[in-house]
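Topology and contacts: notes
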Amino acid sequence: MQALFAYGFLQRAVLSGVLIAVACAVLGVFLVLRKDAMIGHGLSHIAFAGVALGLFLRVLPLAAALVVAVAAAIAVMKLKDRAGLHGDTAIGIFSSLGMAVGILLASLARNFNVELMAYLFGDILAIEPLEVGLTVVLAAAVLAAVRLNYGKLLYMTFDRESARASGVRVGRLDTLLMVLTAVTIVLGMKVAGILLVAALIVIPAAAGLQVASSFRTAVAASAAVAVFSVVGGLGLSLALNIPASAAIVVLCFFAFAASFAVKKGRGVRLPAK
Amino acid sequence: MIALRAVSFRYDGSPVLVDIDLTIREGDFLAIIGPNGSGKTTLVKVILGLLAPTSGEVRLFGKTPAEFSERGKIGYVPQKATHIDPFFPASVEEVVGMALMAGPRQGGASGRESRAKVLKALEEVGMSGSAGTPIGRLSGGQQQRAFIARALVTSPRILFLDEPTTGVDAGTQDSFYEMLDRLNGNEGLTIVLVTHDIGIINKHVTSVACLNQRLSYHGSHAEFCRSEVFRDMVTRGDHLVAHEH
């Protein structure tokens with residue numbers, strides 16, 4: 001094992017993977033509790049257009065996806081407010097558009113389908129040093145932004161109306177949360193791929209929420225599940241020569257199943273509807 | 001403390017509040033009563049700045065809701081507080097502490113100071129032993145006390161409670177109102193209580209505002225009980241709840 005970590009590519013994969021996993025898990029707890037779990041899925045489809053655009057224009061796909069996903073996240077918020085749409089409708093509109101634009105660009109260019117596949121299915125073991133730098137800085141910025149606004153985000157997530165009455169600017173925080181999610185989804189594409197990155201947002205959070213008795217423990221448990229899944233998935237990928245993204249998501253699911261079993265074992269009963 | 005001048009509010013063109021003049025003074029225990037759909041909750045939301053009035057002026061401690069930044073001076077327990085997500089993984093201590101984290105520097109207090117304030121607020125509502133309990137595991141009455149502790153943790157000067165005893169059993173309601181009496185009488189906290197339970201007026205409040213889009217009465221509870229407005233309300237029923245003791 002020690003020898004394995006002597007490889008630069010593996011060090012880069014573990015460093016990026018762990019940071020992204022923690023960012024996904026922390027944001028995931030807020031999103032799942034807000035019933036916005038599918039936002040990650042929608043934004044990953046939008047990021048697909050950004051990756052295709054980056055490859056089409058021959059700029060760093062991760063950077064192009066970042067710009068497109070953040071712009072789309074803000075556009076979703078504006079559309080939701082101004083057109084009076086539900087959040088999932090606005091996300092549905094933009095995610096479909098994102099996939100359509102991505103497919104159009106791939107069809108026009110004809111020569112980057114192999115690279116696009118790497119983004120669709122994830123390839124953390126092939127992460128470039130420049131991408132690692134970008135990932136470390138952005139993931140640290142996402143976690144710092146959450147830490148700075150932790151109390152207000154928690155208050156807004158639990159009781160939006162009381163938070164507003166206490167002076168919390170919920171509209172700004174909604175936008176911040178969307179932008180942070182967009183950034184994290186783009187970073188997570190390298191780990192799990194566009195098709196599976198939403199799992200890193202939803203499943204560790206759902207697992208953490210099964211066993212937590214406080215919000216802090218939910219965040220900690222969710223982060224632990226995400227880190228375990230990413231590191232374990234990388235290990236399985238190397239040992240069994242299987243795709244890391246799929247191994248990570250399957251481990252996430254096993255962790256969720258285990259936490260569900262723990263909850264059942266404690267005899268926690270569902271409240272009557 | 002709070003002043004409304006000619007405040008009206010329309011929703012989708014329909015009038016909800018019409019030409020409301022209302023003054024709330026320091027130390028008041030005011031009950032805002034009226035039938036369902038009379039605009040009680042809307043009135044509180046307009047006062048707090050959660051809804052902007054269509055016309056008229058609202059002043060909180062001399063400032064408009066938009067200008068008013070000392071939000072810790074106001075405690076608020078909304079109507080739906082009893083309908084929280086039962087799976088939300090927050091301990092009672094976390095829920096009460098939320099109000100301290102709403103300010104510009106997340107309350108400006110250290111973790112130890114914040115914790116002391118939270119524990120004091122819990123003690124005030126008789127929930128000292130429940131700090132670590134998940135909020136979803138408390139009964140409706142205990143949850144409501146926890147939400148009042150959250151409203152009290154910033155040491156407010158005025159407390160707004162919107163239908164606080166909905167879904168709470170009669171025995172718990174009695175001890176709940178006794179707690180409000182103590183906060184108002186002994187600690188001088190101004191209380192504004194939205195209710196359609198006219199039975200509490202005799203026992204607890206000092207003044208009454210009777211609302212049905214317009215304010216048909218605002219004055220002392222004693223005069224209210226002798227007024228025609230009260231007699232008409234009791235005669236008509238108006239979906240109000242009579243207290244049985």
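Residues numbered from 1 in each chain as written. Chains lettered and ligands numbered in written order. Predicted model: local features only at pLDDT ≥ 70, side-chain atom pairs only at ≥ 80, totals over all residues.

Quick look at the overall build of chain B
Counting secondary structure elements, chain B contains eight helices and nine strands. The C-alpha atoms of chain B give a radius of gyration of 18 Å, which matches the 18 Å a tight globule of 245 residues would have. The dimensions of chain B, computed from C-alpha atoms along their principal axes, are 50 × 45 × 35 Å. Considering only contacts within chain B whose residues lie at least 6 apart along the sequence, 69% involve residues at least 24 apart. (Helix = DSSP H or I, 4+ residues; strand = E, 2+ residues; numbered from the N terminus. Rg over C-alpha atoms; globule rule 2.2 N^0.38 Å. Contact = placed C-beta atoms within 7 Å.)

Topic: the domain arrangement of chain A
Residues and elements named next belong to chain A. Under the domain assignment, chain A is made up of domain 1 (33-192) and domain 2 (196-262). Using C-alpha coordinates to define each centre, domain 1 is positioned 20 Å away from domain 2. Of the residues lining the interface, 14 residues belong to domain 1; the matching set on domain 2 comes to 16 residues. Secondary structure elements with two or more residues in the side of domain 1 that touches domain 2: α2 (39-57) and α9 (170-192). Ranked by the residues each element gives to the side of domain 1 that touches domain 2, the list is headed by α9, at five residues. (Domains from an automatic or database assignment.)

What to know about the sheet that holds strand β4 (residues 55-60) of chain B
Residue and element names in this part refer to chain B. What the three strands build is an open sheet, ordered β2-β1-β4; its pairing is antiparallel. Two strands close off the open sheet at either side, each with one partner strand: β2 (14-24) and β4. For this sheet, the mean inter-axis angle between neighbouring strands, taken without regard to orientation, is 25°. Relative to β2, strand β1 (residues 2-11) runs antiparallel, the two sharing seven bridges. Bridge pairing in β2 places Arg10 opposite Pro15. (Pairing = 2+ DSSP bridges. Axes fitted to C-alpha atoms, helices over the stretch in contact; angles between N-to-C directions.)

Topic: the sheet that holds strand β3 (residues 29-33) of chain B
Sheets are built from strands paired through backbone hydrogen bonds, the pairs being either parallel or antiparallel. Residue and element names in this part refer to chain B. On the basis of which strands lie adjacent, the open sheet formed by six strands has the order β5-β6-β7-β3-β8-β9 and mixed pairing. Each edge of the open sheet carries a strand with a single partner, namely β5 (74-77) and β9 (214-220). Recorded for the sheet is a direction-independent mean angle of 15° between the axes of neighbouring strands. Where β3 meets strand β7 (residues 190-195), five bridges bridge the pair, whose relative direction is parallel. Bridging across to β7, Ala31 finds its partner in Leu193. Each of β3, β5, β6 (158-162), β7 and β8 (207-212) touches helix α1 (residues 40-48); the most contacted strand, β6, lies at about 150° to it. Strands β5 and β6 of the sheet are contacted by helix α4 (residues 140-152), whose axis makes an angle of about 160° with β5.

Quick word on the environment of Ala151 of chain B
Residue and element names in this part refer to chain B. Within the secondary structure layout, Ala151 lies in helix α4. A sequence separation of ten residues divides Ala151 from Leu161, and the C-alpha atoms of the two residues are 9.4 Å apart. Discounting residues that sit within four places of it in the chain, Ala151 has contacts with Gly75, Tyr76, Val77, Ala99, Pro156 and Leu159.

Brief notes about the pairing of β8 of chain B
All names here are of chain B. Of all six residues that make up β8, five are buried, and the element is covered over most of its length. Sheet topology note: the β3/β8 ladder contains four bridges and is parallel. Its bridge partner lying in β8, Leu30 is registered against Ser207. Pairing of β8 with β9, which is carried by six bridges, proceeds in the antiparallel orientation. (Buried ≥ 20, exposed ≤ 12 C-beta atoms within 10 Å, placed from the backbone.)

Overview of the confidence of the model for chain B
Residues and elements named next belong to chain B. In this model, chain B carries a mean pLDDT of 85, and residues with pLDDT of at least 70 account for 90%. With pLDDT under 50 throughout, residues 241-245 is counted as low confidence; its partners more than four residues away or in other chains account for eight contacts. Both scores are given for the predicted complex: the pTM is 0.87, the ipTM 0.86. (pLDDT = per-residue confidence, 0-100.)

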